[in-house]
Amino acid sequence: MSGIVAMRRTLRSCTSLTRSGLLGFAAALLPVRHAWAAELRPLSAASPLFDSARQEIAVLTAAAALLGFSVLAAILLMRGRIRAARNEARLRASISHLQLQADRYRALLFAEPQILISWAAGENRPQISGDTALVMPQGSGQRILAFGTWLPADGAAQLDRAVESLREHGEGFLLNLTASNGHALEAIGRAIGGQAIVRIRELAGVRRNLAEISAQHQKLLQETVMLRGFVDTAPWPIWTRQGGALSYANLAYARATEAVSGEDAVARRIELLDTSDRTELERVLVAGDTFDARLPIVARGERRMFDVHVKNIGRGRVGIAIDASEADALSQALVRMADAHRRTLDQLSSGVAVFDGQRRLAFYNDSYRRLWDLEPAFLDGHPDDSSVLDRLRAARKLPEQADFRAWKAKLHEAYRAVETASDTWYLPDGRALSVVTTPNPEGGVTYLFDDVTKNLDLARRFDGLTRVQRETLDSLAEAVAVFGSDGRAQLFNPAFARMWRLSPESLRERPHIDTVETLCKPLFDDAPAWRAIREAITAIENRSDVALKLERKDGSVLDCMSRPLPDGATMLTFQDITDTENVERALRESNEALEAAGKMKIDFVHHVSYELRAPLTTIIGFAHFLSDPSTGPLTPKQAEYLDYVTKSTNALLALTNNILDLATIDAGAMKLELGPVDATKVIAAAAEGVQDRLATDRIRLKVDVDRNIGTFVGDERRVVQVLYNLLANAVGFSPQDGTVVVGARRTDRSVAFTVSDSGPGIAPDLKDKVFDWFESHSQGSRRRGAGLGLSLVRSFVELHGGKVRVDSIVGKGTTVTCDFPTDHAAQRNAAE
């Protein structure tokens, strides 16, 4: 019972629990439990008291538990409400604080004009806040995203790519842009809290300066990287020196010095320049800041020319060597070419003067100096164009001008011209100059002066000659027509129109040769002849003269000749040879009659000569027989008559032989028996034949022969015959007690025989006739021959290929010279 009392007491005490909670309630039940346990322990489990006590305890326990739960729930609810109230108050205070902070941050954020654009993760529609008038005064909202509306095309493309990379890959960016309205903007993109945020603001003040400095710094960094890469890959050796030692060398430097790399060249301190060149470089750099020179350098084992440039920069030096071998070779070639051009221009007859872009004389040749008679010292001083013109004007060597200043200004327009101009100057001394001004590509003008005085004079003469020729052509009785390479008539004279009965109007239209043929066919219709004329005019190759004889229907005969001209044209000439043809026909008939008569004469001479030789041979034979003592003695008178008969028959036989020889030569049947001829021997043989006549007329024979005359090739018998006839002729014309001189001389090409007498000589009018047949003139001679001796002389000498020359002075004698050639070919040709 004490346990129950304790339970009840406990329940009452539990009602007074306020804030101790479930822990206090559990602590209060512990002693009750222990008391009940102590009281029930002695009771039997089967006693009624035990059951009622157990039921009561169960009811009380449930009631206590229910009461405890209710109290606990009430307490927890109260405490939750109190805590919620406190949390709400605390939350309201935080929200107020956060709102205050947000307002403060927003005020700070938008204290300057800027725009914020944010994209939440997975969303395409951005949140835009800020001052949109910064870039678009007339628009806002989503139009900001059309970057091209407020940025130039390149800036819009750059910002668009940066925003795309930010949203897709979270790559931040910082761009400095210039809006279309001229504002300098900064665009910053960052990925924050799963959002892509772009901030656009205007650069101003220090920030703008910092942005510019940063941009310049980035640019300098990029340029530095680019320059370093360029220097490393440059084809020219580049190096730097610090403190007198090599501190950097690029790859080209290493290749030139045969080092492994630039670092290897620096480590081994391999120098590119020779010691003497480095000494000179040091001297120049100590005195100044820059060294420039073209030096020979051994690069890769080959000696080449380099342009070396070294400059002091700060406390170090930077050098570069540019291969100038080809440029040096080209420069030397250019110098040689310029010298050659100068020498060539000095040889020109045209005056050449070159003025540079500053209008100063850069070059002149000797012809220019002599043309204007200027001092070399003045020209070598490179005077300007105006000074040269002023000096020439003062010396009255330029054309007279009413306004010299305007004339000179017009001449100087050549310095601004693009095409060549030419003019002719008529100088006060009567000369005419052709002046050509050519603008030079590098600036300046080249003057070319040519003295065309003679050319103009020749042109005037040519024009006059052309007019004279035209007048001459028009006055010719011979018809002339010129056809061009196209076959059309270009030129004709009145005689051509008259000869072919053509109207000037039809020829003035330059008709084709086919048309001319059609117009001329009524007078001459010969197809082959016209075809030959047409081919001569229109042929392109194998152009040559064509000669035709045209017999027209009206009975006239024309001599036609086509002559190709140098310009491709063809000249046709027509000459009326009707009268000439008639005369020629008559002469031809007469010539045929004369030839027949000549043949008859030759036949008669041959016949008579042979008929005379037979009885002469008989008479000569009987005369020798009678003079022989074996036939018996003759009376003095018979012997005298027999001597006359013998001399007469010998003379007649010689005359007959001469006639036969001349007839044979004239018929072309005479053949020489060529062989070596001794000049001394043939002179002696010929002199032997005239010894009796020399003795009879008391004439002295003088022989004058070169000791080294030697021999020549000829017909010895005919040479003796030539000399005999010459000696007989000289003896016959020489006075008694006179002298006949026979001589022989040898030249490079001939052997010359001369026979001179002291007779009366030959008159000039008879000199050309002494070699004709049967021409005999006494001229005081004691004997008169048949006139065949000199004819035979000329015939035999010409058969040998030689010539006969007669020199005579009346009253002082005559000299006959016979030249026999030593050229065997000439003799064979003459003999044939």
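Residues numbered from 1 in each chain as written. Predicted model: local features only at pLDDT ≥ 70, side-chain atom pairs only at ≥ 80, totals over all residues. Heavy atoms only, no water.

A. A look at the overall build of the chain. Looking only at helices and strands, the chain has 25 helices and 27 strands in total. Across the 832 residues of the chain, 34% fall into the buried class. In the chain, the share of contacts with a sequence separation of at least 24, taken over all contacts with a separation of at least 6, comes to 49%. Split by element, the accessible area of the chain, about 50,300 Å² in all, is 55% carbon and sulfur. (Helix = DSSP H or I, 4+ residues; strand = E, 2+ residues; numbered from the N terminus. Buried < 20%, exposed > 50% of the residue type's maximum accessible area, 1.4 Å probe, protein only. Contact = heavy atoms within 4.5 Å. Areas by Shrake-Rupley, 256 points an atom, 1.4 Å probe, with all protein chains shown as cover.)

B. Structural view of a positive patch on the surface. Judged by side-chain charge, Arg79, Arg83, Arg86 and Arg90 come together as a positively charged surface patch. For Arg86, the position within the fold is in helix α3 (residues 48-109). (Patch = residues over 30% accessible without salt bridge, like charges linked within 9 Å, V, L, I, M, F, W, Y side chains within 5 Å. Salt bridge = Lys/Arg side-chain N within 4 Å of Asp/Glu carboxyl O. Lys, Arg positive; Asp, Glu negative; His and termini not counted. Charge placed at Lys NZ, Arg CZ, Asp CG, Glu CD.)

C. Structural view of the sheet that holds strand β25 (residues 750-756). Here we have 5 strands laid out as an open sheet, ordered β22-β24-β25-β27-β26, and mixed in their pairing. Looking at which strands have only one partner, the edges of the open sheet turn out to be β22 (700-705) and β26 (803-809). Between one strand axis and the next, the sheet turns by 15° as a mean value, whatever way the strands run. Of the strand pairs in this sheet, β25 and strand β27 (residues 813-821) are connected by 7 bridges, and their pairing is antiparallel. Directly across from Val751, in β27, lies its bridge partner Phe820. Relative to the sheet, helix α21 (residues 679-689) contacts β22, β24 (739-746) and β25, its axis offset from that of β22 by approximately 170°. (Pairing = 2+ DSSP bridges. Axes fitted to C-alpha atoms, helices over the stretch in contact; angles between N-to-C directions.)

D. Structural context of the nonpolar core. Counting residues in each nonpolar core, the largest one holds 40 residues, and the members touching the most others are Leu726, Leu727, Phe753 and Cys818. Residue contributions to this core peak at 8 residues, all from helix α23 (residues 716-733). Discounting residues that sit within four places of it in the chain, Leu727 has contacts with Ala686, Ala687, Val690, Leu701, Val740, Val742 and Val755. (Core = buried A, V, L, I, M, F, W, Y, C linked by side-chain atoms within 4.5 Å.)

E. Here's a closer look at the environment of Thr649. With respect to the helices and strands, Thr649 occurs in helix α20 (residues 636-667). For Thr649, a relative accessible area of 7% corresponds to the buried category. With 33 residues separating them in the primary sequence, Thr649 and Leu616 have C-alpha atoms 6.4 Å apart.

F. Inspection of the packing of α21 against α23 at higher detail. Between α21 and α23, whose axes approach to 8 Å, the crossing angle comes to 50°. Classified by the angle their axes make, α21 and α23 are oblique. The way α21 lies across α23 gives a crossing that is right-handed. Judged by residue contacts, Lys681, Val682, Ile683, Ala685, Ala686, Ala687 and Gly689 of α21 engage Glu716, Val719, Val720, Leu723, Tyr724 and Leu727 from α23. Of the residues in the contact of α21 with α23, the class split is 10 nonpolar, 1 polar and 2 charged. (Parallel < 35°, antiparallel > 145°, perpendicular 65-115°, else oblique. Left-handed = near helix turned anticlockwise from the far one by under 90°. Nonpolar A, V, L, I, M, F, W, Y, C, P; charged D, E, K, R; others polar.)

G. Layout of the sheet that holds strand β10 (residues 316-323). Reading across from one edge, β7-β6-β10-β9-β8 is the order of the 5 strands in this open sheet, with antiparallel pairing throughout. Either end of the sheet is taken by a strand with one partner, and the two such strands are β7 (245-249) and β8 (290-299). Each strand axis lies, on average, 30° off the axis of its neighbour in the sheet, ignoring direction. Bridge analysis of strand β6 (residues 238-242) against β10 gives 5 bridges, and the strand direction is antiparallel. The residue bridging Arg241 from the neighbouring strand is Arg317, located in β10. Its contacts with the sheet place helix α8 (residues 275-287) against β8, β9 (302-313) and β10, and it is angled at close to 170° to β8.

H. Just unusual backbone geometry, in detail. For Asp373, which is not glycine, the phi torsion reads 55° and is therefore positive. Following the sequence through the fold, Asp373 ends up in the loop between α10 (366-372) and α11 (376-380). The backbone of Arg501 shows a phi angle near 55°, a positive value even though the residue is not glycine. Summarising the element assignment, Arg501 is placed in the loop between α15 (494-500) and α16 (504-508).

I. How the structure looks around the packing of aromatic side chains. In this structure the tally under the stated criterion is 17 aromatic pairs. Summarising the aromatic geometry, the rings of Trp372 and Trp425 are spaced 6.3 Å apart at their centres and angled 50° between planes, so their arrangement reads as tilted. Of this pair, Trp372 sits in helix α10 while Trp425 sits in strand β13 (residues 421-426), and the two are 53 residues apart along the sequence. Looking at Trp372, the relative accessible area reads 1%, which means it is buried. Look at Trp425 and you get buried, because its relative accessible area is 4%. (Phe/Tyr/Trp six-rings, centres within 6.5 Å; stacked < 30°, edge-to-face > 60°.)

J. Here's a closer look at helix α17 (residues 513-520). What α17 keeps buried is the set Ile513, Val516, Glu517 and Cys520. Angularly, the buried residues of α17 cover 105° about the axis, an arc narrow enough to put them on a single face. Where the residues of α17 are buried, they touch β16 (479-483), α15 and α18 (527-538). (Arc of directions from axis to C-beta.)

K. Local environment of the confidence of the model for the chain. Summing up the model confidence of the chain, the mean pLDDT is 78 and the portion of residues at 70 or higher is 80%. Counting interchain partners and residues more than four positions distant, the pLDDT-below-50 stretch residues 783-787 has 15 contacts. (pLDDT = per-residue confidence, 0-100.)

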